[in-house]
Amino acid sequence: MAHTSAHIAHTLAHHIDEVFGLMGNGNAYFLDALLTSTSATYTAVRHEAGAVVAADAHFRTSGRIAAATTTYGAGFTNTLTALAEAAQAKVPLVLVVGDEPTSGPRPWDVDQIAMASAVGVRTYTVGRVDAAAATVTAIEHALTYRVPVVLAIPYDVATLDIGEIPSVPGPGQPTPLAPSSEFVQTSLARLASTLAEAERPVLLAGRGAWLAGAEEELGALAEATGALTATTALGRNVFPDDEFDLGVAGGFGAPEAMERIHEADVAVVFGASLNQFTMRFGELFHPSTTVWQIDTDDRATNARVGGFIRSDVKLAAGELVSRLEAAGSQPSGWRETVDTASDRAYEMGTEFAEDGRLDPRAAAARLGELMPEDRVVVSDGGHFIAWANMFWEPSAPDRLAMVGTAFQSIGLGWHSVAGAARANQDSTIVLTTGDGGGAMALSDLDTAIRSAGGRGMAVVFNDAAYGAEVNLYGLKGLDKSPMLIDEIDFAALGSAAGGQGVAVRSLADLEVVNEWKATPVDERKFLVLDLRISGAVIAPYQEEVIRVNS
């Protein structure tokens, strides 16, 4: 005989290898069963939000689903911001939580189903006879719809003996959406004809293209059309050939590259939502540019799209290549006339800004040269996010994850390290955070250092302020005192938690990275770089935000 929690643990572990969590009354028996009788790996975090964030970062940096677990009540409510971020970013994960007993709520219980629903997350509640089946259903829902799911264990059900653990089929894997309807086929024919006639085509791909595994097909389409390529921040380097690539589109993009995209007569967007930042608040494409979008969403996601094809990106791109080849189409030749390396160049600034503190551009550029090439970067939210996106080129979409940007939150950075470290056990894990978000997430500073160890480093852009607020509202004349932070010594905090903390006040101080790299991994500590940067240097994307909101 086995109790309900064991049914859940065994079934979950059959399909998910990594679980992140914090133990409490509501999930104690689940965790006991998971740790004593399954092969799943459990990583303890120090804050319930960290459990969800770590599972989120695990998927973003590997494409493999993970699980989180917390207790009920306050343990669950602590996860809500992280759940909202995962829901808006379309990240699949399963959060196993305790819940109120079936007899009704106790004084400390809350309506967890309503709370999860409010942030766009569905709850599956296990019962006395369907615990294993409900677990598989929750996993399948998460994978099919690419969303987080809550799996709730009522308190009085958790330890009920309900028989032998059954073998449950599944979860089923979603079938790629084929471009098979007559309407879609007609649309593909129109798009192929448009691309054949284009003189200055651009292909833009996002994270959806990576999730679809469309790299080879997109590379073939770029070659067949002679198109320049670009990606969203979440789709970096999804195109296999960087010779004709303009880099990241939107506010993180280089000015000359964005002007080049503006010259396109036809743009085709693959697996990207075209949010306001990618679109540069409507200015990415010229008004005369013909814009097509290919996505599994049921409709175009931006008013600028003139033609929409609902399809799996990999299948649609492959069919476009076949149509162009069958028609004897020739590439435009435009991309051979463009110096993309020059277009992608950023202004790096000088070592010090006018106030005598480090220019964040110069510091980030130097770090881009020094950091290990095998790095996986996880980023918190905040003004500083531009610097990693501009100067730390990732080798693939899953090598840079920004946890928090979908929900516009900060304070999820330190939590992310554990998920990325478990997902990429042979890579260097790099956290980039600001001092505001870094202070907010300090509960899992220990988790980051413990989970990544000598394979991990953190870069804290420390300007003693909430930089985005200073740039937007301080420049409008509002009182800056709520926007300022007493300068926090993150180097000391990192050392206190078992890492190697270094206060960086000059570019020469960054040579510690070379020393760190030269030390064997098992002999070195997690490196915390406390960059004392100037708050006077405003990121280009932030200047766009200021322009729109001023």
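Since the structure is predicted, the reported quantities are computational estimates derived from the model, not experimental observations.

Procedures and definitions
In every chain, residue numbers begin from 1 and rise along the written sequence. In keeping with the model being predicted, local features are shown solely for residues with a pLDDT of at least 70 and side-chain atom pairs are shown and tallied solely at 80 or more, while totals for entire chains, interfaces and linings include all residues. With hydrogens and water set aside, each side-chain value is computed from the structure's full complement of heavy atoms. Accessibility here uses a 1.4 Å probe with only protein chains present; expressed as a share of the type maximum, an area under 20% marks a residue as buried, one over 50% as exposed, and anything in between as partly exposed. Note on conventions: DSSP H or I runs of at least 4 residues are helices, E runs of at least 2 residues are strands, and numbering of each starts at the N terminus. Whether two residues are in contact is decided by their heavy atoms, any of which lying within 4.5 Å being enough. Marked domain ranges trace back to an automatic or database domain assignment. Two parts placed together each lose some accessible area under a 1.4 Å probe, and the buried area is that loss summed for both. Any two strands between which DSSP finds at least two bridges are classified as paired. Each axis is a line fitted through C-alpha atoms, and for a helix only the stretch in contact is used; angles between axes span 0 to 180 degrees, taken between their N-to-C directions. UniProt positions are given in the numbering used here, feature names are shortened, and annotations may be inferred rather than shown by experiment. As used here, the term nonpolar core means buried Ala, Val, Leu, Ile, Met, Phe, Trp, Tyr and Cys residues forming a set that is joined through side-chain atoms within 4.5 Å.

*Asks:* Tell me what's going on with helix H10 (residues 215–225), and back it up with residues and numbers.
*Replies:* Within H10, the full set of buried residues consists of Glu-217, Leu-218, Gly-219, Leu-221, Ala-222, Ala-224 and Thr-225. Structurally, H10 contributes buried residues whose contacts are with helix H8 (182–197), strand S7 (201–205), helix H9 (207–211), strand S8 (228–231), strand S10 (266–270) and helix H12 (313–326). Two residues or fewer past H10, Gly-226 is found with a positive phi of approximately 70°.

*Asks:* Mind laying out the domain arrangement of the chain, listing which residues take part and the relevant values?
*Replies:* On domain assignment, one finds that the chain holds domain 1 (2–162), domain 2 (182–344) and domain 3 (360–549). With centres defined by C-alpha atoms, the gap from domain 1 to domain 2 works out at 38 Å. Contacts between domain 1 and domain 2 engage 8 residues on the former and 4 residues on the latter. In this assembly, domain 1 packs against domain 2 so that about 460 Å² is buried in total across both faces, 48% of it on carbon and sulfur atoms. The largest contributions to the domain 1 side of the interface with domain 2 come from Phe-59, Arg-60 and Arg-146, which together make up 65% of the buried area.

*Asks:* Residues and numbers for the sheet that holds strand S5 (residues 122–125), please.
*Replies:* Strand order in the open sheet formed by 6 strands is S2-S1-S3-S4-S6-S5, with parallel pairing between adjacent strands. Two strands close off the open sheet at either side, each with one partner strand: strand S2 (41–44) and S5. The mean inter-strand angle of the sheet, taken between neighbouring strand axes irrespective of direction, is 25°. Relative to strand S3 (residues 67–70), strand S1 (residues 18–21) runs parallel, the two sharing 3 bridges. What sits directly across from Phe-20, in S3, is Ala-68. Those strands touched by helix H5 (residues 80–89) are strand S4 (93–99) and strand S6 (148–154), and its axis lies near 140° from that of S6. Set on the sheet, helix H16 (residues 413–423) makes contact with S1 and S2; between it and S1 the angle comes to about 165°.

*Asks:* Give a description of the UniProt feature "domain: Thiamine pyrophosphate enzyme TPP-binding" (unreviewed entry) in the chain that names residues and reports values.
*Replies:* The positions that UniProt labels "domain: Thiamine pyrophosphate enzyme TPP-binding" (unreviewed entry) are, in the present scheme, residues 380–511. A helix fraction of 36% and a strand fraction of 17% characterise residues 380–511, whose end C-alpha atoms lie 24 Å from each other.

*Asks:* So, the nonpolar core: which residues are in play, and what are the values?
*Replies:* Ranked by size, the top nonpolar core spans 40 residues in total, and within it Trp-387, Trp-392, Leu-529 and Leu-531 carry the most contacts. Of all the secondary-structure elements, those providing two or more residues to this core are helix H14 (360–370), helix H15 (385–391), strand S14 (400–402), strand S16 (456–462), strand S17 (500–504), helix H21 (512–518), strand S18 (527–532) and helix H22 (540–549). For this core, the domains that each give at least three residues are domain 2 (182–344) and domain 3 (360–549). In this structure, Leu-531 is in contact with Ala-363, Leu-367, Val-459, Val-460, Phe-461, Asn-462, Val-504 and Leu-510, ignoring residues within four places of it in sequence. One finds Ala-192, Ala-222, Ala-224 and Leu-320 within the second-largest nonpolar core, a separate group that totals 31 residues.

*Asks:* Outline the pairing of S4, listing residues and values.
*Replies:* If a strand is regular, its side chains alternate between the two faces of the sheet. S4 sits mainly inside the fold: 7 of its 7 residues count as buried. Burial along S4 is two-sided: the face carrying Leu-93, Leu-95, Val-97 and Asp-99 and the face carrying Val-94, Val-96 and Gly-98 are both buried. Direction of pairing for S3 relative to S4: parallel, over a ladder of 4 bridges. Residue pairing in the sheet places Thr-70 in a bridge with Val-97 of S4.

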